[in-house]
Amino acid sequence: MSSVDACRAQCVEFSDRASQLELDTFVKSPSSLLERLRNDKEKLRFRLATYIATTPSVLPSVQTLISASASTDRSAIGAALRIAEGRCTSTKPDAARKIRDFAQRIGDLNVQAGYSAAGEDASGAQAQSQDKSPAQPSRGGALLDGEFKTKLANPFKPVPLPN
């Protein structure tokens, strides 16, 4: 892969990317990540997500990592795939699609479970933020009255509470 391809493939800001040394080490020896982050699923999830979001071309090494990992680590790997996909969705939709397709092709149930669970967390957070969005303008709008919301309303009037 040329450096031009590497720049185009990255989904995250420069400050959020993994170093080239870390990526090279991971590509050469995927299981080294497991050895370094022994028994820390959280660190494994986020470190691997950073690698994938930095350059989705490490996906073949992720396949090797899955083969070398214990079943308990595989759900964290699945979650990392989902997190990386989420990071790439807005900036590089093609990379996000590549990650999603890769995750769907993996036949490992633990990886699938981790991928799905991470997606439920993200969609739950999105649903909550969407629920809050409509309420905020009405609260701010309650201070303005009239046909075109141009007259100042009574700021001491009791606020109607949701049922």
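Residues numbered from 1 in each chain as written. Predicted model: local features only at pLDDT ≥ 70, side-chain atom pairs only at ≥ 80, totals over all residues. Heavy atoms only, no water.

**Some words on the confidence of the model for the protein chain**
Of the residues in the protein chain, 79% have a pLDDT of 70 or more, and the chain-wide mean is 78. Every residue in residues 1–8 is under pLDDT 50, and counting partners more than four places away or in other chains gives 4 contacts. When the criterion is pLDDT under 50, residues 124–140 qualifies, and its contacts beyond four places in sequence or with other chains add up to 0 contacts. (pLDDT = per-residue confidence, 0-100. Contact = heavy atoms within 4.5 Å.)

**Some points on the packing of helix α5 (residues 59–68) against helix α7 (residues 93–105)**
For the pair α5 and α7, interaxial distance at closest approach is 11 Å and the crossing angle is 25°. Regarding the angle of α5 to α7, the classification is roughly parallel. Every pair of crossing elements has a handedness; the one defined by α5 and α7 is right-handed. Listed contacts from α7 to L59, V62 and Q63 of α5 are K98, I99 and F102. Within the contact of α5 with α7, the residues separate by chemical class into 4 nonpolar, 1 polar and 1 charged. (Axes fitted to C-alpha atoms, helices over the stretch in contact; angles between N-to-C directions. Helix = DSSP H or I, 4+ residues; strand = E, 2+ residues; numbered from the N terminus. Parallel < 35°, antiparallel > 145°, perpendicular 65-115°, else oblique. Left-handed = near helix turned anticlockwise from the far one by under 90°. Nonpolar A, V, L, I, M, F, W, Y, C, P; charged D, E, K, R; others polar.)

**Regarding the state of the cysteines**
By definition, a disulfide links the sulfur atoms of two cysteine residues through a covalent bond. Evaluated as defined, the whole model comprises 1 disulfide. The partner cysteine of C11 in its disulfide is C88, sulfur to sulfur 2.0 Å. In this structure the cystine formed by C11 and C88 twists about its S-S bond by roughly 95°; its chirality is therefore right-handed. With C11 in the loop between α1 (3–9) and α2 (20–28) and C88 in helix α6 (residues 71–89), this pair connects stretches of sequence that are 77 residues apart. For the residue pair C11 and C88, the accessibility class agrees, reading buried in each case. (Disulfide = S-S within 2.5 Å. Buried < 20%, exposed > 50% of the residue type's maximum accessible area, 1.4 Å probe, protein only.)

**A closer look at the environment of P56**
Here P56 shows up in the loop between α4 (41–54) and α5. When the C-alpha positions of P56 and Q10 are compared, they lie 7.5 Å apart, and in sequence the two are 46 residues distant.

**Section: the nonpolar core**
The tendency in soluble globular proteins is for nonpolar side chains to be buried as a group. Counting residues in each nonpolar core, the largest one holds 33 residues, and the members touching the most others are F26, L33, L48, Y51, I52, V62 and L81. Every element with two or more residues in this core is listed here: α2, α3 (31–36), α4, α5, α6, α7 and α8 (109–141). (Core = buried A, V, L, I, M, F, W, Y, C linked by side-chain atoms within 4.5 Å.)

**Thoughts on the packing of α5 against α6**
One can describe the packing of α5 onto α6 by two numbers: an axis separation of 10 Å at closest approach and a directional angle of 160°. The pairing of α5 with α6 is recorded here as roughly antiparallel in orientation. Of the two possible hands of crossing, α5 and α6 adopt the one that is left-handed. Residue-level contacts link L59, V62, L65, I66 and S67 of α5 to R74, I77 and L81 of α6. Split by residue class, the contact of α5 with α6 holds 6 nonpolar, 1 polar and 1 charged.

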